[in-house]
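Structural characterization, general
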Amino acid sequence: MLIRRRPSWALPESAATPESVYLSRRHLLGAGIGLLAAAGLSDGAEAAPAAGDPATDPTRDLYPAKRNPSYTLDHPITPEEVSGNYNNFYEFGSDRRNYQVADIAERMPRRPWTVKIDGLVEKPREVGIDDIIRAMALEERLYRHRCVEAWSMAVPWTGFPLKDFVAWAQPLSGAKYVRFETFVNPSVAPGQNRFIYPWPYIDGLTMAEATNELAFLVTGVYGKPAPNQYGAPLRLAVPWKYGFKSVKSIVRVSFVEERPVGLWEQVQGREYGFWANVNPAVSHPRWSQASERDIGTGERRPTLIYNGYGEQVAGLYAGLSGEKLFM
Ligand code: MTE
């Protein structure tokens, strides 16, 4: 791969716009629209809900789901207005700091949406997302979410264990990895017109990782169907790994024998690998991972090995010392 372009989320911390600045910008924009309406400068007609408005989601009756008390946090949940405006979703643009990602993502229609299940499975099939969601038992989990860029959030995800989905998909014994693939539709996702990225966004897990109790398929957040910028209608949350492993807006899940090469590994293999487990002692080639900035509170906290989930996942990596487990 000849492309050696640095992802903008790989900017040094010092280059990031402080939350207070970009949030006030968003509020000013919102207030400006309100003022125009109040001044009679809009036509006053009820706007039709946007195609991606989660309020129109056909599974909204399933929310809020019961919180699973096994997954709690020792610090506050990040406010929705912060986490929902600080998203990495390159299909919708690469500058999450100027609010375009959430706004552009909202134009993506949420339905019809199908997920193809293929590769080494009993019966390859393509299933409507609502059939998948209704076949699973939804629950809420509070998870830490750590980006490779050294910021973090605490998010109340709703969804179901990936291991339940794996069992439902009936993989064959030869399956060694699960590969996740995001949609491709440049007409709604302008970032996909940037050919420097090898779309579709893909990444993967080993079968042992995918069937670990922590691996979670997310359908909602903050007690309701997830807005598009979080990766609706189906995304991964793999909280012990850097965030780029958590593929958004999934349209295909394949059970394969070969290790998938993720989008960022294809673009910048010297910096982003397959395992990407969080480790404060292993620096990114261009910055330290020793601490992280909580984008909700603004506090800087020491980063924890496996993002604090070592008890549940460290055993997955016994005997793999030859692998680059932390990049
Ligand atoms: N999935 C897709 N399809 N496209 C992306 O650009 N970004 C990844 C991951 N999943 C990304 C993606 C990165 S780098 C991170 S940190 C997380 O999504 C961000 O998730 P969030 O926006 O919910 O915080």
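Residues numbered from 1 in each chain as written. Predicted model: local features only at pLDDT ≥ 70, side-chain atom pairs only at ≥ 80, totals over all residues. Heavy atoms only, no water.

Our next topic: the packing of aromatic side chains. On inspection of all chains with the given rule, the structure shows 20 aromatic pairs. Ring geometry for Phe-274 against Trp-275: centres 5.0 Å apart, planes inclined by 80°, an arrangement best described as edge-to-face. Residue classification places Phe-274 among the buried residues on the basis of a relative accessible area of 4%. Among the residues examined, Trp-275 registers a relative accessible area of 5% and is labelled buried. Clustering of aromatic rings is evident, with ring pairs tying together Tyr-177, Phe-274, Trp-275, Tyr-306, Tyr-317 and Phe-326. When the ring centre of Tyr-71 is taken as origin, the NZ or CZ atom of Arg-141, which lies over that ring, is 4.0 Å away. Of note, Arg-144 hangs over the ring of Tyr-309, and the distance from its end group to the ring centre comes to 4.6 Å. (Phe/Tyr/Trp six-rings, centres within 6.5 Å; stacked < 30°, edge-to-face > 60°. Buried < 20%, exposed > 50% of the residue type's maximum accessible area, 1.4 Å probe, protein only. Lys NZ or Arg CZ within 6 Å of the ring centre and 35° of its normal.)

According to UniProt, the "binding site: Mo-molybdopterin" (unreviewed entry) feature falls on Asn-87, Tyr-90, Glu-91, Cys-147, Thr-182, Arg-235, Ser-246, Val-247 and Lys-248. As for the lining of the largest cavity, the annotated residues named previously contribute Asn-87, Tyr-90, Glu-91, Cys-147, Thr-182, Arg-235, Ser-246, Val-247 and Lys-248. In this fold, Val-247 is placed in the loop between strand 9 (235-237) and strand 10 (250-256). Dropping the residues within four chain positions of it, Val-247 is found in contact with Phe-180, Glu-181, Thr-182, Tyr-201, Ile-202, Asp-203, Arg-235 and Leu-236. Those residues within four positions of Lys-248 in sequence are excluded, and the remaining contacts are Asn-87, Asn-88, Phe-89, Thr-182, Gln-229, Tyr-230, Gly-231, Leu-234 and Arg-235. Among the polar contacts made by the side chain of Lys-248, one reaches the main-chain carbonyl oxygen of Gln-229 at a distance of 2.9 Å. (UniProt positions renumbered as here; feature names shortened; annotations may be inferred. 1 Å grid on protein atoms, 1.4 Å probe; cavity = no way out; pocket = protein on both sides within 12 Å on 5 of 7 lines; lining within 4 Å. Helix = DSSP H or I, 4+ residues; strand = E, 2+ residues; numbered from the N terminus. Contact = heavy atoms within 4.5 Å. Polar contact = N/O pair within 3.5 Å; in protein donor to acceptor, adjacent residues only side chain to side chain.)

The next point concerns the nonpolar core. Of all hydrophobic cores here, the largest spans 83 residues; its most connected members are Leu-162 and Phe-255. The biggest single contributor to this core is strand 4 (residues 151-161), with five residues. Each residue touching Phe-255, except ones within four places of it in the same chain, is listed here: Ile-117, Asp-118, Gly-119, Leu-120, Val-121, Val-166, Ala-169, Pro-171, Ala-175, Tyr-177, Val-178 and Met-207. (Core = buried A, V, L, I, M, F, W, Y, C linked by side-chain atoms within 4.5 Å.)

It is worth spelling out the sheet that holds strand 6 (residues 202-206) at this point. As summarised here, the arrangement of the five strands in space is 2-1-10-5-6, forming an open sheet in which the pairing is mixed. Lying at the two open borders of the sheet, with one neighbouring strand each, are strand 2 (125-128) and strand 6. On average, adjacent strands in this sheet sit at an angle of 20° to one another, irrespective of strand direction. Direction of pairing for strand 1 (residues 114-119) relative to strand 10: parallel, over a ladder of four bridges. Following the sheet pairing, Gly-119 is matched in strand 10 by Phe-255. (Pairing = 2+ DSSP bridges. Axes fitted to C-alpha atoms, helices over the stretch in contact; angles between N-to-C directions.)

A full pass over the atoms with the stated rule returns 18 salt bridges. Among the ionic pairs, Glu-323 bridges to Arg-259, the shortest N-O distance being 3.2 Å. Of this pair, Glu-323 sits in the segment after helix 8 (310-313) while Arg-259 is found in the loop between strand 10 and helix 7 (263-267), placing the two residues 64 residues apart along the sequence. Under the relative-accessibility criterion, Glu-323 is labelled partly exposed at 30%. (Salt bridge = Lys/Arg side-chain N within 4 Å of Asp/Glu carboxyl O.)

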